[in-house]
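Summary of the model geometry
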Amino acid sequence: MMKRKTWALLSLALLLGTIGAICLTVIVIDPFQVYHLATRYMPPIDNTTQVYANAGIARSYDYDSAVVGTSVTENFRPTQMDALLGGRFIKLCTSAGTAYNHALLMDLAFRTHDVKRIVYGLDVYSFIAKVDQTGSDVPMYLYDDNLFNDVSYWLNRSVLGSFLPRCLKAWGQKQDDSIRDRMYNWAGRDDYGPIALYTASFTPPENPLPADARTQLAQENLNAHLIAYITAHPETQFDIFFPPYSAAEWATMQSKGTLEAMLALRGLCYDALSGYDNVTIYDFSAREDWVLDLNNYKDTLHYGQWINDAMAECIAGGEYAVSSREALDAATEKLRAWANAQIEAGGWIF
Amino acid sequence: MLFNSYVFMLAFLPLTLLGYFLLGRLPEKNQLNKVFLVLASFLFYGYNNPSYVPIIAGSILVNYALSQLMLTREKKAVRLPLMLLGLFLNLGVLFYFKYHDFFFENLNGAFGLHLTLNRLALPLGISFFTFQQLSYVIDSYKRTVPRYNILDYALFVTFFPQLIAGPIVLHSEIVPQFADAQNRHFNFDNFAPGLYAFARGLMKKVVIADTFAVAVEAGFASAQTLNTAEAWFVAIGYTLQLYFDFSGYCDMATGVGLMFNIKIPINFNSPYKSLNIREFWQRWHITLSRFLTTYIYFPLGGSRKGMARTCVNLMIVFLLSGLWHGAGWLFLLWGLMHGAASVLYRLFRKPYDRLHPALQWLINFGFIVVAWVFFRATSLTDALAIVKSMLMMNFGPLRDSITSAFALPGGFHEGYNAIYMMIWYAASLFACLGLRNTYEKTMDFHPTLCNALTTVLMIVYCTLSLSSVSVFLYFNF
């Protein structure tokens, strides 16, 4: 019979060997690209596990400018933005992300890259979450600089069972520069236009908070997750834009009784952000040829890629930059009027 | 710190073993190895919440001081107030952290008062280390224990394998083992079965208990709408979850203890094999039963003062046991049920024992399953709804939220989840009823290539199970 000592040594050797081999494989192949850019396979980047892939995108890609925001920023094309705005763009986007999600990515970007410009989609829904709340659980071990807690990545059931096989399946497919445009891009996946809109099931998350609580949360989020980066990086240009939701979205808010609170957040954000030399605020919310034409939308909130392309051109040309609080208020008044008109008419009237 | 965590398995345990046995190589008089182990145990205890450390450290110092005072006083009249003070302090701290809010909430509710609640987080393992020390305090009063130095005493209380979830060890079981010079040195003969037990305990906790936990959570969350089949699966599922969870943890404690050459007493001896409630409590959480028997049941008179008094004593012990498990009316009710069952068994033992063993098992197991429903439920309404569903003979399909807990990795053939679930239940019940338990196998450990491979596979699999990628489905994105 085997001796206990032999048994123990054999077991320990097998155990350490297996654990070590798994760790080494994950570190070398690195499906989330947190240690190095994938050069021998197409990395698994998709919207459902975005918070994992984003850590590697922020760390390992070559860029000096970034698009930051929710799903309404995911159809930007960094190659187009390179040409229009100069520099080299990357997307640091989080579907249904909160301001904290965006801050985590900006933080990582600033720690690992010399960031010259950030184009930030100010989706007001991102700013009414609690200040420490993320859209989904963020694997902080991939975002911090503590190598020890990376063990959650090295010895991870899903990484071993799902992501490594995906990498091996895509072995030999090299990622080219177009990956920057293709990542998280959902353009062309859905139907656009009034019919699609009226059958869309998408509704923004319910938030029963009273108006003053929204204001409080928005202020906290602005301070902690946006202004902190603006002041810490005066050398970085922040192009912050209010995205063009369809006019139907504001009517939806009115029907839920949240319109005034959400409109008030626009003013709050403007006041908080407009005083910085390295910030330019753009407002596409009331651009009539976009937001009153449902052919641009797949649901009340999400517009087609051509809108992202056009926004990039506007930012490059300085169009739709908000010159004053009065100008913003005038646009806000339009949104209110459109919303109320729809509510009165009981549907889309434009 | 939990056993089933990376930091424990990959850092704390290997480093503590290394440090302890390296220091054990120093001359025998040197106690640095014990100092190291006590400090490591404090680190283990305070890893997630350092604010708990002063509580346990203070508790150790006070109890040690009281015990030493009693052990050096001849007169009982002097020792008695010290013992009472010890009881008051230990139970007072336990009350303050564990029962204060429950008590005040009920007073507020009953008399319309507005007493302030503490809303304190319960210090880890406070029920365990309090009872463990109470035993020493009471034995010191009786002067049936030797005097230990503070280091041995601290080690007896803090020795990390048994610190936060038991077993509730006695000083006489632990301190002499640490005093044995042979145990200062690393020993493969103990390490091998230790690793074997740890792997099996880890598997029981991480794979079996945590899988049942998902189904049980879903079931109890829908307590009001379960059909009969679902109610039975949920109730038996919790019965299995609780056993595999707690006994798995104790197996890990046994295993880690053995790695340090310390034999920790058995806490679960295949309890679901029991044929009656008395046997169940001789097999389930054995060290708690031992404590309650020694320090409450016997002092109350045990079974020596007639049947009526015996029944009263049993009820007292089980009500206290219920309260020990948690501050809530459902825990008390659970204790009451077990107390009543124990009394009934005491009264009708002869006819019951004449029943066919299979019938005895069925009655006993059925009762235990139903009682666990009250233990687990968050409200009496939910518990009653589940028990009612179990009896209503209202059969129907099993809902996905329950069966999906048993889905194969990658969602392979999801349509068969209910069948996978049946296999899980059958295999787990067979493991409880048809196999020798881990403690028995560990004490009778035979090294083979096969169990080396299963040990390694279990640890690797469980380690990988500690972390996964959560998929975020945001509508159509």
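Quantities reported herein were computed from a predicted structural model and do not represent experimental measurements. (Residues numbered from 1 in each chain as written. Chains lettered and ligands numbered in written order. Predicted model: local features only at pLDDT ≥ 70, side-chain atom pairs only at ≥ 80, totals over all residues.)

Quick look at the overall build of chain B
- Helix and strand content of chain B: 20 helices and zero strands.
- For chain B, whose C-alpha radius of gyration is 24 Å, the value lies close to the compact-globule estimate of 23 Å for 477 residues.
- Summarising its shape, the C-alpha atoms of chain B cover approximately 70 × 55 × 55 Å along the three principal directions.
- Counting every position in chain B, which comprises 477 residues, the buried fraction comes to 42%.
- Considering only residue pairs separated by 6 or more positions, chain B has 72% of its internal contacts joining residues 24 or more positions apart. (Helix = DSSP H or I, 4+ residues; strand = E, 2+ residues; numbered from the N terminus. Rg over C-alpha atoms; globule rule 2.2 N^0.38 Å. Buried ≥ 20, exposed ≤ 12 C-beta atoms within 10 Å, placed from the backbone. Contact = placed C-beta atoms within 7 Å.)

Observations concerning the overall build of chain A
- For chain A, the count of helices and strands is 15 helices and five strands.
- For chain A, whose C-alpha radius of gyration is 23 Å, the value lies close to the compact-globule estimate of 20 Å for 350 residues.
- Summarising its shape, the C-alpha atoms of chain A cover approximately 85 × 45 × 40 Å along the three principal directions.
- Burial statistics for chain A: of 350 residues in total, 47% are counted as buried.
- Expressed as a percentage of contacts within chain A between residues at least 6 apart in sequence, the contacts between residues at least 24 apart total 84%.

As for helix α14 (residues 305–317) of chain A
All names here are of chain A.
- Here α14 is 13 residues long and its end C-alpha atoms lie 19 Å apart, about the 18 Å a rise of 1.5 Å per residue gives.
- Taken as a whole, α14 has its buried residues at Ile 307, Asn 308, Ala 310, Met 311, Ala 312 and Ile 315.
- Each element contacted by the buried residues of α14 is listed here: α3 (78–85), β3 (117–121), β4 (237–242), β5 (279–283) and α13 (288–291).
- Just past α14, the residue Gly 318 takes up positive phi, approximately 75°. (Expected span 1.5 Å × (residues − 1).)

A few points about the interface of chain B and chain A
- With 30 residues of chain B in contact, the opposing surface of chain A contributes 33 residues.
- Every element with two or more residues in the side of chain B that touches chain A is listed here: α1 (6–23), α8 (188–221) and α20 (449–465) of chain B.
- Top contributing element to the side of chain B that touches chain A by residue count: α20(B), with nine residues.

Here we look at the pairing of β4(A)
Residue and element names in this part refer to chain A.
- The buried fraction of β4 amounts to five of the six residues, a majority that puts the element mostly inside the structure.
- Sheet analysis places β3 next to β4, joined by five bridges and oriented parallel. Residue Ile 118 lies in a different strand from β4, and its bridge partner there is Phe 238.
- The pairing of β4 with β5 spans five bridges and is parallel. Looking across to β5, one finds that Phe 242 is bridged to Asp 283. (Pairing = 2+ DSSP bridges.)

Here we look at the domain arrangement of chain B
Residue and element names in this part refer to chain B.
- For chain B, the assigned domains read domain 1 (6–186) and domain 2 (190–463).
- Taken together, the contact pairs 24 residues of domain 1 with 22 residues of domain 2.
- The set of elements that each furnish at least two residues to the side of domain 1 that touches domain 2 consists of α1, α4 (76–111), α5 (126–142) and α7 (171–179).
- The greatest single-element share of the side of domain 1 that touches domain 2, amounting to five residues, is contributed by α5.
- Taken together, the residues of the side of domain 1 that touches domain 2 break down into 16 nonpolar, six polar and two charged. (Domains from an automatic or database assignment. Nonpolar A, V, L, I, M, F, W, Y, C, P; charged D, E, K, R; others polar.)

Looking at unusual backbone geometry
Residues and elements named next belong to chain B.
- Within the chain, Arg 143 stands out as a residue other than glycine whose phi angle is a positive 60°.
- Here the phi dihedral of Asn 261 falls at roughly 65°; this positive angle occurs in a residue that is not glycine.
- With respect to the secondary-structure elements, Asn 261 resides in the loop between α9 (228–259) and α10 (277–283).
- What makes Asn 261 buried here is the crowd of 22 C-beta atoms within 10 Å.

Considerations on the packing of helix α2 (residues 50–60) of chain A against helix α4 (residues 99–112) of chain A
Residues and elements named next belong to chain A.
- For the pair α2 and α4, the least separation of the axes is 8 Å and the interaxial angle reads 30°. Accordingly, the angle class assigned to the pair α2 and α4 is roughly parallel. Between α2 and α4 lies a crossing of right-handed hand. Across the interface between the two elements, Asn 54, Ala 55, Ala 58 and Arg 59 from α2 touch Leu 105, Leu 108, Ala 109 and Thr 112 from α4.
- Class assignment for the residues of the contact of α2 with α4 results in five nonpolar, two polar and one charged. (Axes fitted to C-alpha atoms, helices over the stretch in contact; angles between N-to-C directions. Parallel < 35°, antiparallel > 145°, perpendicular 65-115°, else oblique. Left-handed = near helix turned anticlockwise from the far one by under 90°.)

Some thoughts on the pairing of strand β2 (residues 89–93) of chain A
All names here are of chain A.
- Across the five residues of β2, five count as buried, placing the element largely inside the fold.
- Of the strand pairs in this sheet, strand β1 (residues 65–69) and β2 are connected by five bridges, and their pairing is parallel. Across the sheet, Ala 66 pairs through a bridge with Ile 90, a residue of β2.
- As for the winding sense of the linkage, the β-α-β connection from β1 through α3 to β2 is right-handed. (Right-handed = clockwise from strand over helix to strand, strands pointing away.)

Quick look at the nonpolar core
- Residues Ala199(B), Leu202(B), Val234(B), Ala235(B), Phe374(B), Ala377(B) and Ile386(B) are the most contacted members of the largest nonpolar core, which totals 113 residues.
- When residues of this core are assigned to their parent elements, the largest contribution, 17 residues, is made by α9(B).
- Here this core spans two domains, since at least three of its residues come from each of domain 1 (6–186) and domain 2 (190–463) of chain B.
- Ile29(A), Tyr52(A), Ala109(A) and Leu217(A) belong to the second-largest nonpolar core, a separate cluster that totals 99 residues. (Core = buried A, V, L, I, M, F, W, Y, C linked by C-beta atoms within 7 Å.)

So, the environment of Gly335(B)
All names here are of chain B.
- Tracing the sequence through the fold places Gly 335 in helix α13 (residues 329–347).
- For the pair Gly 335 and Ala 110, spaced 225 residues apart in the sequence, the C-alpha separation amounts to 22 Å.
- Sequence-distant contacts of Gly 335, that is, excluding residues within four places in its chain, are made with Phe 318, Leu 319, Ser 321, Gly 322 and Leu 323.

Some details on the packing of α9(B) against helix α16 (residues 380–391) of chain B
Residues and elements named next belong to chain B.
- For the pair α9 and α16, the least separation of the axes is 7 Å and the interaxial angle reads 120°. Overall, the two elements α9 and α16 adopt an arrangement that is oblique. α16 is crossed by α9, and the crossing has left-handed handedness. Residues Thr 228, Ala 231, Trp 232, Val 234 and Ala 235 of α9 pack against Ile 386, Ser 389 and Met 390 of α16.
- Here the contact of α9 with α16 is composed, by residue class, of six nonpolar, two polar and no charged.

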